[in-house]
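An overview of the molecular structure
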Amino acid sequence: MTERRQGLLFVAPAVAVLAGVALYPILGTIWLSLHRSILVFHEHRFVGFDNWATLFEDARFWSALVTTLYFSAVAVSAELALGLLFALLLHGVFRGRGLLRAAVLVPWAIPTVVSARLWGWLFNPDHGLVARMLPGDEVNWLGTPGYALHAAIVVDVWKTTPFVALILLAGLQAIPVELGRAAALDGAGPLRILWSITLPLLRPALAVAAVFRGLDAMRVFDAVYVLTGGGPANTTETLSIYAYKTLMRSGDFGYGSTIAVATFVCVSVLAAIYLWLVVPTQEPA
Amino acid sequence: MKRLGLLLAMTAALTFCVGPFLWQVLTSLRPETEQTRLALPTRPTLQAYAEVFEGRAFAQVMLNSFAVASLTTLLCLAIGALAAFALARLPVPGRGALLAAALGASMFPPIATVGPLFLLIRALGLRDQLAGLVLPYATFALPLTLWVLTAHFRQLPPDLYRAARIDGCTPFAAFWRVLLPLAAPGLVTTGLLVFIFSWNEFLYALTFTSSPEHRTVPVAIALFASEHAEPWAQIAAASVIVTLPLVILTLAFQRRLVSGLTAGAVKG
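Given the structure is predicted, the values throughout are model-derived calculations rather than measurements.

Looking at the overall build of chain B
Looking only at helices and strands, one finds 13 helices and zero strands in chain B. For chain B, the N- to C-terminal ordering of α and β elements is α-α-α-α-α-α-α-α-α-α-α-α-α. Expressed as lengths along the three principal axes of its C-alpha atoms, the size of chain B is roughly 75 × 65 × 30 Å. Considering only contacts in chain B between residues 6 or more positions apart, those separated by 24 or more positions represent 73%. Total accessible area on chain B is roughly 11,600 Å²; 68% of this is exposed by carbon and sulfur atoms.

Have a look at this one:
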């Protein structure tokens, strides 16, 4: 058998599994989105683009889309800003660097569901630490429209800033030290070096972190679902949560799949950007 | 002045990262009557931990998660290592396309695959079975395995493979006897990442299981409730129990995990 044939044989199981758990279900979801399919009524018939027409008229869908976009934009911006501060700190300090690096991994290692529960307790209106520490009127963070989504953003930022910090730290470590030293000799201050040398050179790492986190934020489910369940009054309902409720609670597999495909399309746009950023440079040598 | 600033920044960063979790630990140790206090518990108690383990249900849930995460890890390492070796060292046609496809699949929102997978699992009679979780978990675990391990196999000197072939090894023997043992650190990194991601997975586990005795840890914690008020101390205790092994594992292997996590992200 030629090496080429053996190679194909070796990748075959992985290809088969990927086809079964990724390709088949994504095509299945697209196909289902063209059906009226309600499990409990044993109803399943082809309806063409009826579900899609409904989707474009569905105020709840547009509201979920706006919620998801807002959540992603605010959370990812905050994560990049905080992550950059953490990365600079990790890169700059010598004493206690190990301690901080270890501490940064704690939120990363905590399951998302656990972090949502943990913050649910911190945001508890009666006994929560947040309500008691913040001055002024007591606000029920999780029960007030406008506040609840920001509480969810806090959870996401806490949980995922470490990941951003680690990517940016790896980026910082790849910048030659001499550049900063030379600039310092020429009389540039620390802020000037950060702005004119570090940040431009860090741009690829920042871009990758932004798109990677953006992808995750656009499909967010666990953190928000456990923290608020999409409430109050659906103000924290993201695309994934709306699709999940339609699929699994209402058992409407046709329309639920339509929302899921819409989510997929939104994520795909970001994914395409990511692939374009990363893949060409990693072709086999 | 500068040192003071750094010290403040360090303290703030440490509080941000560890503070919320420490508060959860404190909550789990407080007796019911001190739950509204801000100060350290005066009479710390392990009662909440005892209550969590009452009646075996939670131990069962942890066992479920351990089984699902271990099986997913083994499955992905077995088929992933072989494929990664072929992608790195053999002239497989379309290997760039396959790696790109795997990366694409890992970015699917799970909600976009959950419907057909649900119908498939139901048709196969695997609904509410732990076995029904392992294959869906490959959606995110196998692409990760392929990417990290392909990178690892590429880092091994190509001459090793050629020498083994000249000495009479078949490609599989060269993989099994020579390259795989050398890729052991990569297997550990990948295995840990897959195990942690599988342990933490929520949406598939929530959808594909229904009875309490087949739940995994995240589902059990999300649905933790009692007939009275929210049992905050118990939730906190359960959270600490399921998180502590992960935190210890992460800290013990931190360098490997960080290199595995950032490898795909910054080479570009």
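Having seen the model, we can carry on.
A word on the environment of Leu39(A)
Relative to the elements of secondary structure, Leu39(A) occurs in the loop between β1 (35-38) and β2 (43-46). Leu39(A) sits in the partly exposed class, given a relative accessible area of 22%. With near-sequence residues (within four places) excluded, Leu39(A) lies in contact with Gly251(A), Phe253(A), Phe118(B), Leu119(B) and Arg122(B).

Comments concerning the packing of helix α6 (residues 131-155) of chain B against helix α9 (residues 184-200) of chain B
Residue and element names in this part refer to chain B. Close contact between α6 and α9 brings their axes to 10 Å; oriented N to C, the two are set at 160 degrees. As summarised for this structure, α6 and α9 are arranged roughly antiparallel, according to the angle between their axes. Where α6 crosses over α9, the two elements pack in a sense that is right-handed. Contacts between α6 and α9 pair Tyr 137, Phe 140, Ala 141, Leu 144, Thr 145, Val 148, Leu 149 and His 152 from the former with Pro 185, Gly 186, Leu 187, Thr 190, Leu 193, Val 194, Phe 197 and Ser 198 from the latter. A breakdown of the residues in the contact of α6 with α9 according to their chemical character gives 11 nonpolar, five polar and no charged.

So, the side chain of Lys245(A)
Looking at the element boundaries, Lys245(A) is found in helix α11 (residues 239-249). Owing to a relative accessible area of 11%, Lys245(A) belongs among the buried residues under this scheme.

Focus: the domain arrangement of chain B
All names here are of chain B. Split into domains, chain B comes out as domain 1 (1-48) and domain 2 (56-262). Of the residues lining the interface, eight residues belong to domain 1; the matching set on domain 2 comes to 10 residues. Counting the surface lost from both domain 1 and domain 2, the interface buries some 630 Å², and carbon and sulfur atoms represent 82% of this. Joining domain 1 to domain 2, the criterion identifies zero salt bridges. Inspection of the region where domain 1 meets domain 2 yields one residue pair in polar contact (both at pLDDT 80 or more). When residues of the side of domain 1 that touches domain 2 are assigned to their parent elements, the largest contribution, five residues, is made by helix α1 (residues 2-29). The residue makeup of the side of domain 1 that touches domain 2, split by class, is three nonpolar, four polar and one charged.

Digging into the interface of chain B and chain A
Counting residues at the interface gives 100 residues for chain B, matched by 88 residues for chain A. The junction of chain B with chain A conceals about 8,200 Å² of combined surface from both sides, 78% of it contributed by carbon and sulfur atoms. Contact with chain A buries area across many residues of chain B, yet Met107(B), Ile111(B) and Trp232(B) alone supply 8% of it, more than any other trio. Measuring nitrogen to oxygen at the nearest pair gives 3.1 Å for the salt bridge that ties Arg165(B) to Glu3(A). Along the contact surface separating chain B from chain A lie 11 residue pairs in polar contact (both at pLDDT 80 or more). With 14 residues, α1(B) is the single largest residue contributor to the side of chain B that touches chain A. Looking at the side of chain B that touches chain A, its residues break down into 73 nonpolar, 18 polar and nine charged.

Things to note about the environment of Leu88(A)
All names here are of chain A. Looking at the secondary structure, you find Leu 88 in helix α3 (residues 59-92). Taking the C-alpha atoms as reference points, Leu 88 and Gly 231, separated by 143 residues in sequence, lie 37 Å from one another. Those residues in contact with Leu 88 that lie beyond four places of it in its chain are Leu 172 and Leu 194.

Digging into the packing of aromatic side chains
Remark: the centre distance and the inter-plane angle together describe each pair of aromatic rings, the angle taken between the planes. In total, this model carries 31 aromatic pairs over all chains according to the counting rule given. Directly above the ring of Trp23(B) sits Arg30(B), whose terminal nitrogen or CZ lies 5.1 Å from the centroid.

Quick look at the nonpolar core
Membership of the largest hydrophobic core comes to 127 residues, with the highest contact counts inside it found for Trp108(A) and Phe202(B). For this core, the element with the highest residue contribution is helix α7 (residues 148-173) of chain A, accounting for 15 residues. Both domain 1 (1-48) and domain 2 (56-262) of chain B contribute no fewer than three residues apiece to this core. Each residue touching Trp108(A), except ones within four places of it in the same chain, is listed here: Lys159(A), Pro162(A), Phe163(A), Leu193(B), Ile196(B), Phe197(B), Thr250(B), Leu257(B) and Leu261(B).

Comments concerning the pattern of salt bridges
All told, the structure shown has 10 salt bridges over all chains when counted by the stated rule. Two residues, Arg213(A) and Glu79(A), come together in a salt bridge whose shortest N-O distance is 2.8 Å. Highlighted residues: Arg213(A) in helix α9 (residues 190-218) and Glu79(A) in helix α3, separated in sequence by 134 residues. Residue Arg213(A) shares its accessibility class with Glu79(A), and that shared class is buried. A salt bridge links Arg162(B) to Asp159(B); its shortest N-O distance comes to 3.0 Å. In this pair, Arg162(B) and Asp159(B) both sit in helix α7 (residues 158-166), three residues apart, roughly one turn of the helix.

Rules and cut-offs
- Residues numbered from 1 in each chain as written.
- Chains lettered and ligands numbered in written order.
- Predicted model: local features only at pLDDT ≥ 70, side-chain atom pairs only at ≥ 80, totals over all residues.
- Heavy atoms only, no water.
- Helix = DSSP H or I, 4+ residues; strand = E, 2+ residues; numbered from the N terminus.
- Contact = heavy atoms within 4.5 Å.
- Areas by Shrake-Rupley, 256 points an atom, 1.4 Å probe, with all protein chains shown as cover.
- Buried < 20%, exposed > 50% of the residue type's maximum accessible area, 1.4 Å probe, protein only.
- Axes fitted to C-alpha atoms, helices over the stretch in contact; angles between N-to-C directions.
- Parallel < 35°, antiparallel > 145°, perpendicular 65-115°, else oblique.
- Left-handed = near helix turned anticlockwise from the far one by under 90°.
- Nonpolar A, V, L, I, M, F, W, Y, C, P; charged D, E, K, R; others polar.
- Domains from an automatic or database assignment.
- Buried area = accessible area lost by both parts, 1.4 Å probe.
- Salt bridge = Lys/Arg side-chain N within 4 Å of Asp/Glu carboxyl O.
- Polar contact = N/O pair within 3.5 Å; in protein donor to acceptor, adjacent residues only side chain to side chain.
- Phe/Tyr/Trp six-rings, centres within 6.5 Å; stacked < 30°, edge-to-face > 60°.
- Lys NZ or Arg CZ within 6 Å of the ring centre and 35° of its normal.
- Core = buried A, V, L, I, M, F, W, Y, C linked by side-chain atoms within 4.5 Å.

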